[in-house]
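Okay, here's what each chain looks like letter by letter:
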Amino acid sequence: MNKMADFKEKYREYLSLLEEEIRQDWQEIPEEQEMVFSAMQYGLNGGGKRIRPVLCLAVCDLLGGDMKAGARAAYALECIHNYSLIHDDLPCMDNDDLRRGRPTCHKVYPENIALLAGDGLLNHAFALLSDRRAFAGVPPETQLCLLRELAAAAGAYGMIGGQTIDLLSEEEQEISLSLLEQMHRLKTGALIRCAARMGCILAGYTGEEEKIFEKISTFSEKLGLAFQIKDDILDVTGDEQVLGKPIGSDAENEKKTFVSLMGLPAAGQKLKELTEEAVASLADFGEDGWFLRAFAEFLLSRTY
Ligand code: GRG
C-alpha cells in the first residue's frame, strides 16, 4: 500500500464531490449582475488547495455522515474562505496584488466590485447552507446546527474577531505570543475548526459533551494553529513561484508572526509539536483515522 498515493486519491475524491457541487450551481446569471458573479467565481475557482472543504468531507466520511449534504457544507465553507481572502487583499486591508500566482480580485475587477464579490460569497454561503433541498437526508435541527457553527466561526467571535486583532496590532511595536496565538486561533483557526466540526455535525455529533466532537475539535484546533505557523514559515523559506505570492512580505510589512516573535527554529519546532499533538488526538479512531493523520502531515510539509 502506498500511503501517499492513497492520500492523494482520497483527496481528489473529496475534491471532485466539492467541484461537482460548485458546477451544479451558477446555472442562471442575470446579465446585469454578470460582473459581480464573474468576480465571485474568479475568487472561488482560483486554484486554492480547498483544505477546509476536504477536512469537512473527511471528518463526515470518517463518522458516517451524509456525503451529499457534506459536499454542500464544504462548498459553503469554501465560499466563506474565498470571501475572506478577497476582502483581506483589498487596499483597506493588506493591499495585496498577487494571490495564487494571479492578480488579486480587485486588480482584475474594480475595487468596489471586488468588495461586493466578497459580500456576495459570504451571503451565498448561508443561502447554500440553509437550502432545505440540499439537506433532504439530514434532520432540520442538524442543518440549523451547521448554520450556527459557520456563522459563529466566520463572525466577530471568530474570523472577523481575529482580523480585527490583526489590524489593531499593526499599530503596536510588539505583541505577546499569547495575543498572537489568540489572533490566529480566531483569524485562521476558527474556520478550520469549523470545517472539522461541521463534518461531525453532519454525522449527528453536535455537542461539546460528546467525546468524538471534543476529539475532532482538539485535532482541528491544533491543526489550525500549525497551519498558520507553516504559513509564517513559508513567507520566509518558501519559493515565490510555488507559493504564488511574494516571499518576505510579512517582514517587509513589519507583520507580527510566529517567526518574528520566536525565530525560525522555534517556530519550526512548535509546528512539529502541534502536528504531533493533533495526530495524537486521533488515537481513538485507530486505523480509520489514517486520512486525517496524513492530512495533518500534508499540512506540515506543504510548500504552498
Ligand atoms: C477580511 C473578513 C476578513 C477576514 C480575513 C482569514 C483572513 C481573515 C485573512 C486571510 C489572510 C491570510 C493570508 C491568512 C493566512 C492563513 C490563510 C488563511 C492562508 C490562506 O489559506 P489557504 O492556504 O488558501 O488555505 P488557498 O489559496 O489554498 O485557498
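Shown above is the structure to which this text applies.
Let us look at the structure shown here. Quick caveat, the model's predicted, so the values are computed rather than measured.

Cut-offs used in this document
- Residues numbered from 1 in each chain as written.
- Predicted model: local features only at pLDDT ≥ 70, side-chain atom pairs only at ≥ 80, totals over all residues.
- Heavy atoms only, no water.
- Near = heavy atom within 4 Å.
- Polar contact = N/O pair within 3.5 Å; in protein donor to acceptor, adjacent residues only side chain to side chain.
- Areas by Shrake-Rupley, 256 points an atom, 1.4 Å probe, with all protein chains shown as cover.
- Helix = DSSP H or I, 4+ residues; strand = E, 2+ residues; numbered from the N terminus.
- Contact = heavy atoms within 4.5 Å.
- Core = buried A, V, L, I, M, F, W, Y, C linked by side-chain atoms within 4.5 Å.
- Buried < 20%, exposed > 50% of the residue type's maximum accessible area, 1.4 Å probe, protein only.
- Salt bridge = Lys/Arg side-chain N within 4 Å of Asp/Glu carboxyl O.

### Here's the deal with the site of the ligand
Among the 19 residues in the neighbourhood of the ligand, the closest are listed as K49, R52, H81, D88 and R100. One nitrogen or oxygen atom from the side chain of K49 is found 2.6 Å from an oxygen atom belonging to the ligand. Between the ligand and H81, the relevant distance is 2.8 Å, taken from an oxygen atom to a side-chain nitrogen or oxygen of the residue. When isolated, the ligand has an accessible area of 700 Å², and the protein chains bury 92% of it.

### Details of the environment of L234
You can see L234 is positioned in helix 10 (residues 211–237). Sequence separation of L234 and Y304 is 70 residues, and the distance between their C-alpha atoms is 7.5 Å. With sequence-adjacent residues up to four places away left out, L234 is seen in contact with L243, I247, R302, T303 and Y304.

### Description of the nonpolar core
Buried together is how nonpolar side chains tend to be arranged in soluble globular proteins. In this structure, L55, L129, L150, M198 and F295 are the most contacted members of the largest nonpolar core, which totals 76 residues. Ranked by residue count, the leading element in this core is helix 4 (residues 67–89), at 11 residues. With near-sequence residues (within four places) excluded, F295 lies in contact with F7, Y11, I51, V54, L55 and L223. Judged by nonpolar contacts, the second largest core, of 12 residues, contains L180, I229, I233 and L274.

### Observations concerning the pattern of salt bridges
Summed over all chains, the structure comprises 25 salt bridges. Note that K187 is salt-bridged to D166, the shortest N-O span being 2.7 Å. Of this pair, K187 sits in helix 9 (residues 177–202) while D166 sits in helix 8 (residues 159–169); the two residues are 21 residues apart in sequence, bridging distant segments of the chain. A relative accessible area of 5% places D166 in the buried class. For K270, the salt bridge is made with E181, and the minimal N-O distance between the two is 2.9 Å. In this pair, K270 sits in helix 14 (residues 264–280) while E181 sits in helix 9, placing the two residues 89 residues apart along the sequence. Neither K270 nor E181 differs from the other in exposure class; each is buried. A single network of salt bridges, built from pairs that share partners, joins E21, K68, R72, D131 and R133.

### Regarding the environment of N123
Residue position: N123 is located in helix 6 (residues 111–130). A relative accessible area of 51% places N123 in the exposed class. Sequence-wise, N123 and P103 are 20 residues apart; in three dimensions their C-alpha atoms are separated by 24 Å.

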